[in-house]
Amino acid sequence: MASAAAAVGMYRRDGDQQGRGSAAAAVLCLLLLIISSENTAVQAAAAVYSIDWSFSPKVINPLANGKTFRAGDTLLFKYSPGFHNVVEVDKATYDKCGTPPAKAKVYASGSDRVTLTKGQHYFICSFAGHCKAGMKISIFAA
């Protein structure tokens, strides 16, 4: 009987260890679920901002002034294709409304979606005189 009691005692100790292991696994699963939920909430919070891409800085600039954009947000540039385009450029090109570098991303559909990554973004219209007439916008995404 003593050996049966010892065997039962060993079983209980093993069962205790298994119980603690199961509890640790449950806590780990719960943490992963919380982290996954937070990532989903961030993705769900992404917004789409429509931009009437035209000569009027009164239309374009208020969108960027004081607005908090986030990585994952989308800018929807709406304009007449063939009359305008959207070019993502560096700060120097943006500041002087210069000729975009050959590697610059050019959008020309008239309904262009640009998903923001973290950091500063500069957009201009590269048609002659358009940038200097106000067709440019600078946006920071947190």
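The structure under discussion appears in the preceding block.
The present account deals with the structure reproduced in this document. Please read these numbers as outputs of a predicted model, since none were measured by experiment.

Some details on the environment of Lys-78
Then, number 1: Inspection of the secondary structure assignment puts Lys-78 in strand β2 (residues 74-78).
Then, number 2: The exposure class of Lys-78 is partly exposed, given its relative accessible area of 37%.
Then, number 3: For Lys-78 and Ser-54, which are 24 residues apart along the polypeptide, the C-alpha to C-alpha distance reads 8.6 Å.

Section: the packing of aromatic side chains
Then, number 1: The tally for this structure, following the rule as stated, stands at four aromatic pairs.
Then, number 2: Summarising the aromatic geometry, the rings of Trp-53 and Phe-77 are spaced 5.1 Å apart at their centres and angled 80° between planes, so their arrangement reads as edge-to-face. Of this pair, Trp-53 sits in the loop between β1 (48-52) and α2 (57-64) while Phe-77 sits in strand β2; the two residues are 24 residues apart in sequence, bridging distant segments of the chain. You'll find Trp-53 and Phe-77 in the same group, each marked buried.
Then, number 3: By relative accessible area, which is 0% here, Phe-77 ends up buried.
Then, number 4: Sitting over the face of the ring of Phe-69, Lys-67 holds its NZ or CZ atom 5.9 Å from the ring centroid.
Then, number 5: Lying across the ring of Tyr-94, Lys-136 places its NZ or CZ 4.5 Å from the centre.

Some details on the sheet that holds β2
Pairing between the strands of a sheet is mediated by backbone hydrogen bonds and can be parallel or antiparallel.
Then, number 1: The strand order across the open sheet formed by three strands is β1-β2-β5, and the pairing between neighbours is mixed. Since the sheet does not close on itself, it has two edges, and those belong to β1 and β5 (111-115), each with one partner. Across this sheet, the average inter-strand angle for adjacent strands is 20°, counted without regard to direction.
Then, number 2: Alignment of β1 against β2, held across five bridges, turns out to be parallel. Bridge assignment links Tyr-49 to a residue of β2, and that residue is Leu-75.

Notes on the pattern of salt bridges
Then, number 1: One pass over the structure, following the stated rule, counts one salt bridge.
Then, number 2: One salt bridge in this structure joins Asp-95 and Lys-91, with 2.8 Å as the shortest N-O distance. Of this pair, Asp-95 and Lys-91 both sit in helix α3 (residues 91-96), four residues apart, which is roughly one turn of that helix.
Then, number 3: For Asp-95, a relative accessible area of 46% translates into the label partly exposed.

Thresholds applied
- Residues numbered from 1 in each chain as written.
- Predicted model: local features only at pLDDT ≥ 70, side-chain atom pairs only at ≥ 80, totals over all residues.
- Heavy atoms only, no water.
- Helix = DSSP H or I, 4+ residues; strand = E, 2+ residues; numbered from the N terminus.
- Buried < 20%, exposed > 50% of the residue type's maximum accessible area, 1.4 Å probe, protein only.
- Phe/Tyr/Trp six-rings, centres within 6.5 Å; stacked < 30°, edge-to-face > 60°.
- Lys NZ or Arg CZ within 6 Å of the ring centre and 35° of its normal.
- Pairing = 2+ DSSP bridges.
- Axes fitted to C-alpha atoms, helices over the stretch in contact; angles between N-to-C directions.
- Salt bridge = Lys/Arg side-chain N within 4 Å of Asp/Glu carboxyl O.

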